[in-house]
Amino acid sequence: MTPAIRIDSVTKHYGAFQALAGVSLEVAQGEFFGLLGPNGAGKTTLISSLAGLTRPSSGTLEVMGHDVVTDYRRARMKFGVVPQELVFDPFFSVRELLRIQSGYFGIARNEEWIDEVLDNLDLLPKANANMRTLSGGMKRRVLVAQALVHRPPVIVLDEPTAGVDVELRQGLWQFIRKLNRDGHTIVLTTHYLEEAETLCGRIAMLKAGKIVALDSTRALLKQFASHSLRVRVTDADAALAVGGVIEDGSWVTFGFDAYADVEQLLARLREAGAGVEEIQIGEPDLERVFVEVMNRA
Ligand SMILES: Nc1ncnc2c1ncn2[C@@H]1O[C@H](COP(=O)(O)OP(=O)(O)OP(=O)(O)O)[C@@H](O)[C@H]1O
């Protein structure tokens, strides 16, 4: 099957600065894919290149088999992008804006779909409101609606939940998940790693324009992070001799890989004279994986 997205050896230079240093990546149709990285890693540059808004210095990008440079129109039809920045013409109403966007894609009668999108994004009450009267979070919802107007099979969201309240964030994810279940390919960038962890099946981590990790979310969690054992002890200094890290006074943390190691750790604490008063076991999370990957790369 044609990949939803194919990125091959893409570089991007801004003068002497290299924003993308040879990125190759494929996203299969139907995936929920996460693109993570610290500020300035090159995520937005990569997304802009996919949307045909930025020309790569070298390499090729395809959306559903269409080259985004040489076959721009068809690639763009297959692609919906929710940009990070809120830029609107303030004089149009929400519905007008979506009609104009539909026209841009050559879709004449789109009211039914526009209503469905507005409804799912809780925007129906604001359909006739002028863009300039909307709050920041509502404007962001309109950006999502705009990206979906031509029912693109591939949807890329660049930090869609920045500045969005909890209720909408949950509603938005519900809707995006539904689109993914219906067969749409989703690519998401976010700095909320908890969101990425629960939503994305596969994740690429970008640092300084290079992919430094690429795997299923499950494999990343397993590969890079161990579990942690936190114990409250009677004598923290004695526990330190066993190799823990003191957090605040009486809590000491140890890393471990297999649950069988916990028994041994507790036995060594007892031998060292550190009485155990309370135990907590922490599971690996994407935030720790992210920090580890970034430090290693
Ligand atoms: N038009 C431009 N001219 C010069 N440098 C640019 C331009 N656009 C981006 N850059 C630089 O390229 C690098 C990558 O930027 P990009 O916006 O792709 O990062 P990002 O991963 O999306 O970051 P963030 O998480 O902050 O959104 C940054 O160092 C940025 O300053």
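Going by an unreviewed UniProt entry, the chain carries the name ATP-binding cassette domain-containing protein and comes from Azoarcus taiwanensis.

Peer 1: Explain the overall build of the chain to me, please; I cannot follow it from the model alone.
Peer 2: Helix and strand content of the chain: 11 helices and 14 strands. Each principal axis of the C-alpha distribution contributes one length, and for the chain these read about 75 × 45 × 35 Å. In the chain, which comprises 297 residues, the proportion classed as buried is 34%. Of all intrachain contacts in the chain linking residues separated by at least 6 positions in sequence, the fraction that spans at least 24 positions is 68%.

Peer 1: Help me out: how do you make sense of the sheet that holds strand β11 (residues 227–233) in this one?
Peer 2: Sheets are built from strands paired through backbone hydrogen bonds, the pairs being either parallel or antiparallel. Taking strand neighbours across the sheet as the criterion, the four strands line up as β12-β13-β11-β14 in an open arrangement whose pairing is antiparallel. The open sheet terminates on both sides in strands that have one partner only, identified here as β12 (245–246) and β14 (276–282). The pairing of β12 with strand β13 (residues 251–256) spans two bridges and is antiparallel. From the neighbouring strand, I246 faces β13, where its bridge partner is V252.

Peer 1: Quick question: what am I supposed to make of the domain arrangement of the chain here?
Peer 2: It is common to give the size of an interface as the accessible area that goes away when the parts come together. Domain annotation for the chain reports domain 1 (5–222) and domain 2 (226–296). The C-alpha centroid of domain 2 is placed 40 Å from the C-alpha centroid of domain 1. Counting only elements with at least two residues in the side of domain 1 that touches domain 2, the list comes to α7 (193–199), β9 (202–207), β10 (210–216) and α8 (217–224). If you tally residues by element for the side of domain 1 that touches domain 2, the top one is α7, at three residues. When the residues that make up the side of domain 1 that touches domain 2 are grouped by side-chain class, the tally is nine nonpolar, no polar and two charged.

Peer 1: Explain helix α1 (residues 43–50) here, please?
Peer 2: In an α-helix, one full turn covers 3.6 residues, which means residues spaced three or four apart are oriented alike. For α1, the tally of buried residues reaches seven of eight residues, placing the bulk of the element in the interior. Just past α1, the residue G52 takes up positive phi, approximately 75 degrees.

Peer 1: Any chance you could explain the confidence of the model for the chain here in plain terms?
Peer 2: Detailed reading of the predicted coordinates is not advisable wherever pLDDT is low. In this model, the chain carries a mean pLDDT of 91, and residues with pLDDT of at least 70 account for 99%. For the chain, β12 is the element with the lowest average pLDDT, namely 78, and strand β5 (residues 66–67) is the one with the highest, namely 98.

Peer 1: How should I be thinking about the site of the ligand in this particular structure?
Peer 2: The ligand sits among Y14, F17, A19, G37, N39, G40, A41, G42, K43, T44 and T45. Where the shell around the ligand is concerned, the elements lending two or more residues are β2 (17–27) and α1. Sorting elements by how many residues they give to the shell around the ligand places α1 first, with three residues.

Peer 1: Help me out: how do you make sense of helix α11 (residues 286–296) in this one?
Peer 2: Of all the residues in α11, the buried ones are L286, V289, F290 and V293. One side of α11 holds all its buried residues, which, seen down the axis, span an arc of 100 degrees.

Peer 1: Help me understand the sheet that holds strand β7 (residues 154–158) in this model?
Peer 2: Read from one edge to the other, the open sheet built from six strands follows the order β6-β7-β8-β3-β9-β10, with strand pairing classed as mixed. Lying at the two open borders of the sheet, with one neighbouring strand each, are β6 (79–82) and β10. The sheet shows a mean angle of 15 degrees between the axes of neighbouring strands, direction not considered.

Peer 1: Help me out: how do you make sense of the pairing of β7 in this one?
Peer 2: Walk down a regular strand and you will see the side chains alternate between the two sheet faces. Counting buried residues along β7, five of its five residues qualify, which places the element largely inside the surrounding structure. Residue alternation in β7 divides its side chains into two sets, V154, V156 and D158 and I155 and L157, and both sets are buried. Relative to β7, β6 runs parallel, the two being bridged by four bridges. Along β7, the bridge assignment pairs V82 with L157. The sheet contact formed by β7 and strand β8 (residues 185–189) spans five bridges and is parallel. The residue bridging L157 from the neighbouring strand is L188, located in β8. Once you follow β7 into helix α6 (residues 166–181) and on to β8, the crossover reads as right-handed.

Peer 1: Whenever I open this one, the nonpolar core confuses me. Can you help?
Peer 2: A general tendency of soluble globular proteins is for nonpolar side chains to be buried together. Of all hydrophobic cores here, the largest spans 62 residues; its most connected members are I5, L50, V144, A145, V156, V187 and M205. Looking at which element gives the most residues to this core, the answer is helix α5 (residues 136–148), with seven residues. Split by domain, the residues of this core number at least three in each of domain 1 (5–222) and domain 2 (226–296). If sequence neighbours within four positions are ignored, V144 has contacts with V82, L121, P160 and L172. Counting eight residues, the second-largest nonpolar core is a separate cluster that includes L229, V252, F254 and L269.

Parameters at a glance
- Residues numbered from 1 in each chain as written.
- Predicted model: local features only at pLDDT ≥ 70, side-chain atom pairs only at ≥ 80, totals over all residues.
- Helix = DSSP H or I, 4+ residues; strand = E, 2+ residues; numbered from the N terminus.
- Buried ≥ 20, exposed ≤ 12 C-beta atoms within 10 Å, placed from the backbone.
- Contact = placed C-beta atoms within 7 Å.
- Pairing = 2+ DSSP bridges.
- Domains from an automatic or database assignment.
- Nonpolar A, V, L, I, M, F, W, Y, C, P; charged D, E, K, R; others polar.
- pLDDT = per-residue confidence, 0-100.
- Near = placed C-beta within 6 Å.
- Arc of directions from axis to C-beta.
- Axes fitted to C-alpha atoms, helices over the stretch in contact; angles between N-to-C directions.
- Right-handed = clockwise from strand over helix to strand, strands pointing away.
- Core = buried A, V, L, I, M, F, W, Y, C linked by C-beta atoms within 7 Å.

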